[in-house]
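One-letter residues, chain by chain:
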Amino acid sequence: MPIVALSAIEEAARRIAGHVRRTPVDLSPSLSKIANVPVHLKLEHRQITGAFKLRGATNAVLSLSETERQNGVACASTGNHGRALAHAASALGVRCIVCMSKLVPQNKLDAIAALGAEARIIGRSQDEAQREVDRLVAEEGFTDIPPFDHRAIVAGQGTIGLEMLEDVPGAETILVPLSGGGLIAGIAAAAKGLKPDVRVIGISMQRGAAMQASLAAGRPVEVEELPTLADSLGGGIGLANEWTFEAVRELVDEVVLLTEAEIAAGIRHAYFQEREIVEGGSAVGIAALLAGKVRPAGPTIALLSGRNIAMDLHRRIVEGANCLEDPA
Ligand SMILES: *Cc1c(COP(=O)(O)O)cnc(C)c1O
């Protein structure tokens, strides 16, 4: 039994329709030639807020009780989840506080505020920001909406899997960026629910692949967080992980790890061949195909998950820099 049933994902799709964009799937002639199978790109980086996380956040906010809605939501993410929750809550008239440390750069803070959330600056670390979320929950009745380890989040992200098979019913392999695993758990539950023999492959960076290390250890473990071009795939899976670790163990067929140079090549290919601007964490499916690290059998779909990359960094990469050294 998957952690999130196909029926829950279909329900999420009905719930969030009209609040999120139904993104297109395009055939990539250049990748099809390289991989020797038809390769399609799911253009989810064109989602509102620039990343797929709006699906899960919208499903989570729409699943709250009336009292919970009135009390508001909170999170400690300044990345794509924070943006998504800020947008979803403000679009639905729900109060949202995003807690962040003093070290978060002003442009991230401004982005959250521009999306309609209250940015609360507290402490000097992510842990201190999370403690303020915990306090809002305990003392002020807020609901903490976490970025991946949550059933409504997983179901919301899973709606991508429904759309993939609707648009490419013959798909045999699906490539998904992997961090905390909410995205791949949802997509795999949806896709395998519809088509049990489809292969779902998770892709992370070598620098700090927490899910891969946890799978190898047989339990959630911490890894050192290192700077990477795939910054939206950084961070741990939580030592008290409730849902996504088991889901990934059960549903994901293979996990592939990439070097920084391979990720940079993926960003460049997306730009020059597909004419798409994507962030590092979003380019890993393309990068894995280019590197020959996945050998897909049959029609393949690679998910482009987000486009929130700093444009000066993007420019340096497309001009040829790899930007981060790979470990020797
Ligand atoms: C969050 C994120 C991911 C990974 O999703 P998980 O559910 O944490 O595995 C991939 N790509 C982008 C752009 C993201 O923001």
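As a convention, each chain's residues are numbered from 1 in the sequence order in which they are written. Totals for whole chains, interfaces and linings use all residues, but because this is a predicted model, local features are given only for residues with pLDDT of at least 70 and pairs of side-chain atoms are given and counted only at 80 or more. For side-chain calculations, the full set of non-hydrogen atoms in the structure is used, while hydrogens and water are omitted.

Peer 1: Residues and numbers for the pairing of strand β5 (residues 118-121), please.
Peer 2: As a general feature of sheets, a regular strand has side chains that alternate between the two faces. DSSP-based pairing: two strands are paired if at least 2 bridges between them are found. Working definition: helices are DSSP H or I runs of at least four residues, strands are E runs of at least two. Numbering for both runs from the N terminus. As defined by bridge partners, strand β4 (residues 96-100) adjoins β5 across 4 bridges and the pair is classed as parallel. Note that in β5 the partner of V98 across the bridge is A119. Between the parallel elements β4 and β5, the chain passes through helix α6 (residues 106-114) in a crossover that is right-handed. Crossovers are marked right-handed if the path from the first strand over the helix to the second runs clockwise, as seen with the strands pointing away from the viewer.

Peer 1: Describe the site of the ligand, listing the residues and the values that go with them.
Peer 2: K53, N80, G181, L183 and S305 are the nearest of the 16 residues found near the ligand. K53 is positioned with one of its side-chain polar atoms (N or O) 2.6 Å from an oxygen atom of the ligand. Distance and chemistry together define a polar contact, namely a pair of N or O atoms within 3.5 Å, with one atom able to donate a hydrogen and the other to accept it when in protein, and with adjacent residues in sequence counting only for side-chain atoms on both sides. G180 is positioned with one of its backbone polar atoms (N or O) 2.9 Å from an oxygen atom of the ligand. For the ligand, whose unbound accessible area comes to 390 Å², protein coverage reaches 97%. We call a residue near a given molecule or strand whenever any one of its heavy atoms falls within 4 Å of it. Note on areas: Shrake-Rupley, 1.4 Å probe, and residue coverage restricted to the protein chains presented here.

Peer 1: An account of the packing of helix α10 (residues 210-217) against helix α11 (residues 244-251) is needed here, citing residue identities and associated values.
Peer 2: Axis angles are defined between N-to-C directions and span 0 to 180 degrees, where every axis is a line fitted to C-alpha atoms and, for a helix, only to the segment in contact. Contact geometry for α10 and α11: axes closest at 11 Å, N-to-C directions at 75 degrees. Between α10 and α11, the angle falls in the class roughly perpendicular. Counting all contacts with α10, which are made through M211, S214 and L215, the residues of α11 involved are T244, F245, V248 and R249. Nonpolar residues are Ala, Val, Leu, Ile, Met, Phe, Trp, Tyr, Cys and Pro. Charged residues are Asp, Glu, Lys and Arg, and all others, Gly as well, are polar. Taken together, the residues of the contact of α10 with α11 sort by class into 4 nonpolar, 2 polar and 1 charged. What sets the label is the angle itself: under 35 degrees gives roughly parallel, over 145 gives roughly antiparallel, 65 to 115 gives roughly perpendicular, and the rest give oblique. The contact rule is simple, with two residues in contact once any of their heavy atoms fall within 4.5 Å.

Peer 1: How would you sum up the UniProt feature "domain: Tryptophan synthase beta chain-like PALP" (unreviewed entry) in the chain? Please name residues and give values.
Peer 2: UniProt positions are given in the numbering used here, feature names are shortened, and annotations may be inferred rather than shown by experiment. The feature "domain: Tryptophan synthase beta chain-like PALP" (unreviewed entry), as annotated in UniProt, sits at residues 17-306 in this numbering. Annotated as residues 17-306, this span is 43% helix and 15% strand, and its ends, taken at the C-alpha atoms, are 19 Å apart.

Peer 1: I'd love a proper account of the domain arrangement of the chain, names of residues and values included.
Peer 2: How far each domain reaches was decided by an automatic or database domain assignment. Per the domain assignment, the segments of the chain are domain 1 (6-51 + 150-318) and domain 2 (54-144). Of the residues lining the interface, 25 residues belong to domain 1; the matching set on domain 2 comes to 15 residues. Two parts placed together each lose some accessible area under a 1.4 Å probe, and the buried area is that loss summed for both. Considering only the surface of domain 1 that becomes buried against domain 2, R15, H19 and T49 emerge as the three largest contributors, covering 33% of it. Salt bridges are defined as contacts in which a side-chain nitrogen from Lys or Arg sits within 4 Å of a carboxyl oxygen from Asp or Glu. Summed over the shared surface of domain 1 and domain 2, the number is 2 salt bridges. Here E44 and R55 are joined by a salt bridge, their closest N and O atoms 2.7 Å apart.

Peer 1: Pulling in residues and values, what's your account of the sheet that holds β4?
Peer 2: For sheets, the rule is that strands pair by backbone hydrogen bonds, running either parallel or antiparallel. Taken in spatial order, the 4 strands make up an open sheet running β5-β4-β3-β6, and their pairing is parallel. Each edge of the open sheet is held by one strand with a lone partner, namely β5 and β6 (143-144). Those strands touched by helix α5 (residues 80-91) are β3 (73-75) and β4, and its axis lies near 170 degrees from that of β3.

Peer 1: Break down the sheet that holds strand β2 (residues 39-43) for me, with residues and values.
Peer 2: Read across the sheet, 6 strands follow the order β1-β2-β10-β7-β8-β9 without closing on themselves; strand pairing throughout is mixed. Strands with a single pairing partner mark the edges of an open sheet, and in this sheet they are β1 (25-27) and β9 (254-258). In this sheet, neighbouring strand axes are inclined to one another by 25 degrees on average, regardless of whether the strands run parallel or antiparallel.

Peer 1: Provide a residue-level description of helix α8 (residues 151-167), including the pertinent values.
Peer 2: Expected helix span is computed as 1.5 Å times (number of residues minus one). For α8, spanning 17 residues, the distance from its first C-alpha to its last is 25 Å, which sits close to the expected 24 Å at 1.5 Å a residue. Each residue gets one of three labels from its accessible area relative to the maximum for its type: buried under 20%, exposed over 50%, partly exposed in between, using a 1.4 Å probe on protein chains only. Among the 17 residues of α8, 14 are classified as buried, and the element is accordingly described as predominantly covered.

Peer 1: Just give me the short version of the nonpolar core, but keep the residues and values in it.
Peer 2: Counting 38 residues, the largest nonpolar core has V176 and I187 as the members making the most contacts within it. Secondary-structure elements contributing two or more residues to this core are α1 (6-16), α8, β7 (173-177), α9 (182-194), α10, α11 and β10 (300-304). Top element by residues in this core is α9. It accounts for 8 residues. The residues touching I187, leaving out its near neighbours within four places in the chain, are Q157, G158, I160, G161, M164, I174, V176 and L303. Think of a nonpolar core as a cluster: buried Ala, Val, Leu, Ile, Met, Phe, Trp, Tyr and Cys residues, connected wherever their side-chain atoms sit within 4.5 Å. Counting residues in each nonpolar core, the second largest holds 31 residues, with L41, L43, V256 and A283 among its members.

Peer 1: I'd love a proper account of a nonpolar patch on the surface, names of residues and values included.
Peer 2: A surface patch of nonpolar side chains, about 370 Å² in accessible area, is lined by Y271, F272, I277 and M311. Counting through the fold element by element, Y271 comes out in helix α12 (residues 260-272). Two joining distances apply to patches: 9 Å for like charges and 5 Å for nonpolar side chains (Val, Leu, Ile, Met, Phe, Trp, Tyr), and every residue must have over 30% relative accessible area and no salt bridge.

Peer 1: Can you explain the packing of α1 against helix α3 (residues 53-62)? Please cite residues and give values.
Peer 2: Orientation of α1 relative to α3, taken along the N-to-C sense of each, is 85 degrees, at an axis distance of 10 Å. Taken together, the axes of α1 and α3 are roughly perpendicular relative to one another. In this structure, α1 contributes A12, R15 and I16 to the contact, and α3 contributes R55, T58, N59 and L62.

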